[in-house]
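Okay, here's what each chain looks like letter by letter:
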Amino acid sequence: MVSIAPSILSADFMNLGKEIRDAEKAGADMIHVDVMDGHFVPNLTIGHFIVKQIKSITELPLDVHLMIEKADRFFDDFIKAGASVLTVHFESERHLHRSIRYIKDKGVKAGVSINPATPVNALYSIIHEVDLVLLMSVNPGFGGQTFITHSLEKIAGLRTMIAERELNTLIEVDGGVKVNNAAKVHAAGADILVMGSAFFKSEDYKETVKEVRGSCEQKVG
Ligand code: DX5
Ligand code: ZN
(Lines give C-alpha, C1' and ligand atoms only; values in the text may rest on other atoms or scores of the structure.)
(Ligands and ions follow the chains in the order given, each with its own letter.)
Protein backbone atom coordinates (compact mmCIF):
# COMPACT_ATOMS: atom_id res chain seq x y z
CA MET A 1 0.00 0.00 0.00
CA VAL A 2 1.19 3.49 -0.76
CA SER A 3 2.34 5.66 2.15
CA ILE A 4 1.44 9.32 2.47
CA ALA A 5 3.81 11.85 4.02
CA PRO A 6 2.22 15.30 4.37
CA SER A 7 4.85 18.05 4.20
CA ILE A 8 4.28 20.66 6.88
CA LEU A 9 5.84 23.30 4.64
CA SER A 10 2.30 24.03 3.45
CA ALA A 11 0.67 23.75 6.88
CA ASP A 12 -0.71 26.67 8.88
CA PHE A 13 2.27 27.40 11.13
CA MET A 14 0.13 29.41 13.54
CA ASN A 15 -1.68 26.15 14.24
CA LEU A 16 1.08 23.66 13.58
CA GLY A 17 0.18 21.31 16.44
CA LYS A 18 -3.41 21.04 15.29
CA GLU A 19 -2.36 20.59 11.67
CA ILE A 20 -0.11 17.68 12.58
CA ARG A 21 -2.72 16.06 14.82
CA ASP A 22 -5.28 16.44 12.05
CA ALA A 23 -2.90 14.83 9.55
CA GLU A 24 -2.42 11.93 11.96
CA LYS A 25 -6.17 11.54 12.47
CA ALA A 26 -6.68 11.63 8.70
CA GLY A 27 -4.49 8.54 8.29
CA ALA A 28 -1.14 9.99 7.20
CA ASP A 29 1.76 7.56 7.56
CA MET A 30 4.49 10.01 8.53
CA ILE A 31 5.17 13.72 8.81
CA HIS A 32 7.58 15.18 6.25
CA VAL A 33 9.67 18.04 7.64
CA ASP A 34 11.52 20.26 5.15
CA VAL A 35 14.65 21.84 6.58
CA MET A 36 16.11 24.63 4.42
CA ASP A 37 19.13 26.85 5.01
CA GLY A 38 18.96 29.62 2.39
CA HIS A 39 22.20 28.27 0.81
CA PHE A 40 21.56 24.87 -0.66
CA VAL A 41 18.07 26.08 -1.55
CA PRO A 42 16.83 29.64 -1.85
CA ASN A 43 14.55 29.48 1.18
CA LEU A 44 14.69 29.21 4.96
CA THR A 45 12.47 27.07 7.11
CA ILE A 46 12.81 25.33 10.44
CA GLY A 47 15.44 23.62 12.58
CA HIS A 48 15.74 20.85 15.13
CA PHE A 49 14.04 22.80 17.96
CA ILE A 50 10.77 22.57 16.07
CA VAL A 51 11.34 18.92 15.19
CA LYS A 52 11.70 18.19 18.90
CA GLN A 53 8.40 19.90 19.65
CA ILE A 54 6.66 18.09 16.81
CA LYS A 55 7.96 14.80 18.16
CA SER A 56 6.26 15.49 21.49
CA ILE A 57 2.79 15.76 19.96
CA THR A 58 2.62 12.94 17.42
CA GLU A 59 3.12 9.19 17.23
CA LEU A 60 3.88 9.40 13.52
CA PRO A 61 7.45 8.91 12.31
CA LEU A 62 9.21 12.16 11.45
CA ASP A 63 10.65 12.11 7.94
CA VAL A 64 13.25 14.88 7.98
CA HIS A 65 14.41 16.18 4.60
CA LEU A 66 17.62 18.17 4.99
CA MET A 67 18.13 20.75 2.24
CA ILE A 68 21.18 22.30 3.81
CA GLU A 69 24.91 22.68 3.14
CA LYS A 70 27.25 20.70 5.38
CA ALA A 71 24.32 18.83 6.82
CA ASP A 72 26.60 16.60 8.91
CA ARG A 73 27.02 19.48 11.41
CA PHE A 74 23.40 18.94 12.43
CA PHE A 75 22.91 15.16 12.31
CA ASP A 76 23.18 14.73 16.08
CA ASP A 77 20.74 17.57 16.74
CA PHE A 78 18.08 16.13 14.44
CA ILE A 79 18.61 12.61 15.76
CA LYS A 80 18.24 13.83 19.37
CA ALA A 81 15.17 15.81 18.34
CA GLY A 82 13.50 12.57 17.30
CA ALA A 83 13.89 12.19 13.52
CA SER A 84 12.92 8.70 12.35
CA VAL A 85 14.41 9.20 8.90
CA LEU A 86 17.17 11.65 8.02
CA THR A 87 17.52 12.36 4.32
CA VAL A 88 20.47 14.22 2.86
CA HIS A 89 20.99 15.47 -0.66
CA PHE A 90 23.37 13.74 -3.05
CA GLU A 91 24.27 17.22 -4.33
CA SER A 92 25.17 18.70 -0.93
CA GLU A 93 27.18 15.98 0.79
CA ARG A 94 30.93 15.94 0.16
CA HIS A 95 31.31 12.57 1.84
CA LEU A 96 27.94 11.00 1.27
CA HIS A 97 28.94 7.47 2.23
CA ARG A 98 30.33 8.66 5.56
CA SER A 99 27.17 10.70 6.23
CA ILE A 100 24.88 7.77 5.50
CA ARG A 101 26.93 5.42 7.65
CA TYR A 102 26.94 7.95 10.50
CA ILE A 103 23.15 8.28 10.47
CA LYS A 104 22.60 4.53 10.30
CA ASP A 105 25.09 3.82 13.07
CA LYS A 106 22.97 6.07 15.30
CA GLY A 107 19.99 3.79 14.69
CA VAL A 108 18.11 6.22 12.45
CA LYS A 109 16.94 5.44 8.93
CA ALA A 110 19.00 7.17 6.26
CA GLY A 111 17.79 8.54 2.96
CA VAL A 112 19.49 10.12 -0.01
CA SER A 113 17.72 12.67 -2.17
CA ILE A 114 18.39 13.58 -5.80
CA ASN A 115 17.41 16.78 -7.56
CA PRO A 116 15.59 16.74 -10.91
CA ALA A 117 18.86 17.20 -12.87
CA THR A 118 20.70 14.38 -11.09
CA PRO A 119 20.43 11.05 -12.91
CA VAL A 120 19.31 7.93 -11.08
CA ASN A 121 22.59 6.25 -12.09
CA ALA A 122 24.42 8.63 -9.75
CA LEU A 123 23.04 6.49 -6.91
CA TYR A 124 24.74 3.33 -8.10
CA SER A 125 27.44 3.29 -5.41
CA ILE A 126 25.28 4.37 -2.46
CA ILE A 127 21.83 2.87 -3.00
CA HIS A 128 22.62 -0.39 -1.16
CA GLU A 129 23.53 1.65 1.94
CA VAL A 130 20.32 3.68 2.24
CA ASP A 131 16.84 2.90 3.50
CA LEU A 132 15.16 5.20 1.03
CA VAL A 133 15.72 7.39 -1.99
CA LEU A 134 13.87 10.69 -2.00
CA LEU A 135 13.42 11.56 -5.63
CA MET A 136 12.70 15.25 -6.11
CA SER A 137 10.04 15.85 -8.73
CA VAL A 138 10.44 19.65 -8.43
CA ASN A 139 13.53 21.73 -7.72
CA PRO A 140 13.74 21.89 -3.95
CA GLY A 141 13.02 25.09 -2.06
CA PHE A 142 9.31 25.73 -2.29
CA GLY A 143 5.96 24.06 -1.97
CA GLY A 144 3.25 24.32 -4.58
CA GLN A 145 5.36 23.78 -7.71
CA THR A 146 4.39 21.72 -10.75
CA PHE A 147 5.42 18.07 -10.99
CA ILE A 148 8.23 17.58 -13.53
CA THR A 149 6.92 14.85 -15.84
CA HIS A 150 10.37 13.38 -16.59
CA SER A 151 10.40 12.27 -12.93
CA LEU A 152 8.14 9.37 -13.89
CA GLU A 153 10.93 7.88 -16.03
CA LYS A 154 13.38 8.41 -13.20
CA ILE A 155 11.10 6.66 -10.71
CA ALA A 156 10.74 3.71 -13.09
CA GLY A 157 14.53 3.61 -13.63
CA LEU A 158 15.10 3.62 -9.90
CA ARG A 159 12.55 0.84 -9.41
CA THR A 160 14.44 -1.24 -12.00
CA MET A 161 17.79 -0.56 -10.31
CA ILE A 162 16.36 -1.63 -6.93
CA ALA A 163 14.86 -4.80 -8.41
CA GLU A 164 18.01 -5.75 -10.32
CA ARG A 165 20.15 -5.31 -7.23
CA GLU A 166 17.57 -7.16 -5.09
CA LEU A 167 17.35 -4.33 -2.56
CA ASN A 168 14.51 -3.25 -0.25
CA THR A 169 15.17 0.45 -0.69
CA LEU A 170 12.00 2.54 -0.56
CA ILE A 171 11.25 5.17 -3.18
CA GLU A 172 9.79 8.43 -1.90
CA VAL A 173 8.70 11.12 -4.35
CA ASP A 174 8.59 14.77 -3.37
CA GLY A 175 7.16 17.75 -5.24
CA GLY A 176 3.95 18.45 -7.10
CA VAL A 177 2.22 15.25 -6.05
CA LYS A 178 -1.55 15.73 -6.05
CA VAL A 179 -4.71 13.66 -5.91
CA ASN A 180 -4.86 13.63 -9.72
CA ASN A 181 -1.31 12.38 -10.37
CA ALA A 182 -0.68 10.21 -7.29
CA ALA A 183 -1.72 7.00 -9.05
CA LYS A 184 0.74 7.59 -11.90
CA VAL A 185 3.57 8.31 -9.48
CA HIS A 186 2.75 5.21 -7.47
CA ALA A 187 2.40 3.04 -10.59
CA ALA A 188 5.83 4.22 -11.77
CA GLY A 189 7.29 2.79 -8.56
CA ALA A 190 6.88 5.20 -5.64
CA ASP A 191 6.28 3.69 -2.19
CA ILE A 192 5.88 7.00 -0.34
CA LEU A 193 4.23 10.15 -1.65
CA VAL A 194 5.15 13.48 -0.08
CA MET A 195 2.22 15.87 -0.34
CA GLY A 196 2.54 19.46 0.79
CA SER A 197 0.09 21.90 -0.75
CA ALA A 198 -2.18 19.18 -2.10
CA PHE A 199 -2.65 17.91 1.45
CA PHE A 200 -2.62 20.96 3.71
CA LYS A 201 -4.50 23.21 1.31
CA SER A 202 -7.22 20.63 0.84
CA GLU A 203 -10.61 21.07 2.51
CA ASP A 204 -10.75 17.67 4.17
CA TYR A 205 -7.52 15.82 4.99
CA LYS A 206 -9.25 12.51 5.57
CA GLU A 207 -10.95 12.70 2.19
CA THR A 208 -7.62 13.56 0.54
CA VAL A 209 -5.96 10.50 2.06
CA LYS A 210 -8.89 8.35 0.98
CA GLU A 211 -8.83 9.68 -2.59
CA VAL A 212 -5.08 9.17 -2.93
CA ARG A 213 -5.18 5.64 -1.56
CA GLY A 214 -8.25 4.81 -3.66
CA SER A 215 -6.67 6.03 -6.89
CA CYS A 216 -3.38 4.25 -6.20
CA GLU A 217 -5.09 0.94 -5.47
CA GLN A 218 -7.18 1.15 -8.62
CA LYS A 219 -4.21 1.89 -10.85
CA VAL A 220 -2.10 -0.90 -9.42
CA GLY A 221 -5.03 -3.29 -9.53
C1 DX5 B 1 10.29 21.20 -1.61
C2 DX5 B 1 9.99 20.27 -0.48
C3 DX5 B 1 8.70 19.58 -0.55
C4 DX5 B 1 7.48 20.46 -0.60
C5 DX5 B 1 6.49 19.75 -1.46
O6 DX5 B 1 11.60 21.58 -1.55
O7 DX5 B 1 10.99 19.29 -0.37
O8 DX5 B 1 8.58 18.61 0.49
O9 DX5 B 1 6.91 20.71 0.64
O10 DX5 B 1 5.41 20.59 -1.64
P11 DX5 B 1 4.29 20.31 -2.72
O12 DX5 B 1 3.71 18.95 -2.42
O13 DX5 B 1 3.33 21.43 -2.54
O14 DX5 B 1 4.97 20.32 -4.07
ZN1 ZN C 1 10.68 17.64 1.09
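Notes on the structure follow. (Residues numbered from 1 in each chain as written. Chains lettered and ligands numbered in written order. Predicted model: local features only at pLDDT ≥ 70, side-chain atom pairs only at ≥ 80, totals over all residues. Heavy atoms only, no water.)

1. A closer look at the overall build of the protein chain
- Each helix and strand in the protein chain was counted, giving eight helices and eight strands.
- Compactness check: the protein chain gives a C-alpha radius of gyration of 16 Å against a globular reference of 17 Å for 221 residues, within 12% of the reference.
- If one aligns the C-alpha atoms of the protein chain with their principal axes, the spans along those axes are about 45 × 40 × 30 Å.
- Counting only residues that meet the buried cut, the protein chain has 55% of its 221 residues in that class.
- Long-range pairs, those at least 24 residues apart, make up 64% of the contacts in the protein chain between residues at least 6 apart in sequence.
- Split by element, the accessible area of the protein chain, about 10400 Å² in all, is 50% carbon and sulfur.
- Counting 24 positive and 29 negative side-chain charges, the protein chain places the centres of these two groups 2 Å from one another. (Helix = DSSP H or I, 4+ residues; strand = E, 2+ residues; numbered from the N terminus. Rg over C-alpha atoms; globule rule 2.2 N^0.38 Å. Buried < 20%, exposed > 50% of the residue type's maximum accessible area, 1.4 Å probe, protein only. Contact = heavy atoms within 4.5 Å. Areas by Shrake-Rupley, 256 points an atom, 1.4 Å probe, with all protein chains shown as cover. Lys, Arg positive; Asp, Glu negative; His and termini not counted. Charge placed at Lys NZ, Arg CZ, Asp CG, Glu CD.)

2. Concerning the coordination of the zinc ion (ligand 2)
- Coordination of the zinc ion (ligand 2) by the protein is provided by His32 (NE2), Asp34 (OD), His65 (ND1) and Asp174 (OD), with metal-donor distances spanning 2.0 to 2.3 Å.
- Its six donor atoms give the zinc ion (ligand 2) angles of 70 to 169 degrees at the centre, a pattern that matches the octahedral case. (Donors = N, O, S within 2.8 Å, 3.2 Å for Na, K, Ca; no water. Tetrahedral: all angles 85-135°; square planar, octahedral: opposite > 155°, others 65-115°.)

3. Looking at the nonpolar core
- Among the nonpolar cores identified, the biggest contains 64 residues, and Ile8, Val33, Val64, Leu66, Leu86, Leu158 and Leu193 are the most heavily contacted of them.
- For this core, the element with the most residues is helix α5 (residues 151–164), which contributes five residues.
- Among residues more than four places away in sequence, those in contact with Leu66 are Val35, Ala71, Phe75, Phe78, Leu86, Thr87, Val88 and His89.
- Formed by seven residues, the second largest nonpolar core is a distinct cluster that contains Met30, Val85, Leu132 and Leu134. (Core = buried A, V, L, I, M, F, W, Y, C linked by side-chain atoms within 4.5 Å.)

4. Here's the deal with the pairing of strand β7 (residues 170–174)
- With four of five residues buried, β7 is to be regarded as a mostly interior element.
- Viewed along the sheet, the connection from strand β6 (residues 132–136) through α5 into β7 turns out right-handed.
- A crossover connection joins β7 to the parallel strand β8 (residues 192–195) through helix α6 (residues 182–188); in handedness this β-α-β unit is right-handed. (Right-handed = clockwise from strand over helix to strand, strands pointing away.)

5. What to know about the packing of aromatic side chains
- According to the stated counting rule, one finds four aromatic pairs in the structure shown.
- Aromatic side chains Phe200 and Tyr205 sit 5.5 Å apart centroid to centroid with 85 degrees between the ring planes, which places their arrangement in the edge-to-face category. Judged on exposure class, the residue Phe200 and its partner Tyr205 are both buried.
- Linked through ring pairs, Phe199, Phe200 and Tyr205 together constitute an aromatic cluster. (Phe/Tyr/Trp six-rings, centres within 6.5 Å; stacked < 30°, edge-to-face > 60°.)

6. Thoughts on the sheet that holds β8
- Reading across the sheet, the eight strands line up as β1-β8-β7-β6-β5-β4-β3-β2 and stay open at both edges, with parallel pairing between neighbours. Looking along the sheet, the strands with just one partner apiece sit at the ends: β1 (3–6) and β2 (31–36). Ignoring which end each strand starts from, the neighbouring axes of this sheet average 25 degrees apart.
- Sheet analysis places β7 next to β8, joined by three bridges and oriented parallel. (Pairing = 2+ DSSP bridges. Axes fitted to C-alpha atoms, helices over the stretch in contact; angles between N-to-C directions.)

7. Describing the side chain of Lys154
- By the element assignment, Lys154 lies in helix α5.
- One buried charged side chain, Lys154, makes no salt bridge at all; its nearest oppositely charged neighbour is Glu91, positioned 6.9 Å away.
- Residues in contact with Lys154, not counting those within four places in the same chain, are Ile114, Asn115, Pro116, Ala117, Thr118, Val120 and Leu135. (Salt bridge = Lys/Arg side-chain N within 4 Å of Asp/Glu carboxyl O.)

8. Side note on the pairing of strand β3 (residues 62–67)
- Most of β3 sits inside the fold, with six of its six residues counted as buried.
- Residues Leu62, Val64 and Leu66 point to one face of β3 and Asp63, His65 and Met67 to the other, with burial holding for every one of them.
- As paired elements, β2 and β3 share six bridges and run parallel to each other. If you follow Ile31 over to β3, its bridge partner there is Leu62.
- Taking the sense of rotation as the criterion, the β-α-β connection linking β2, helix α2 (residues 48–55) and β3 turns out right-handed.
- Viewed along the sheet, the connection from β3 through helix α3 (residues 75–81) into strand β4 (residues 85–89) turns out right-handed.

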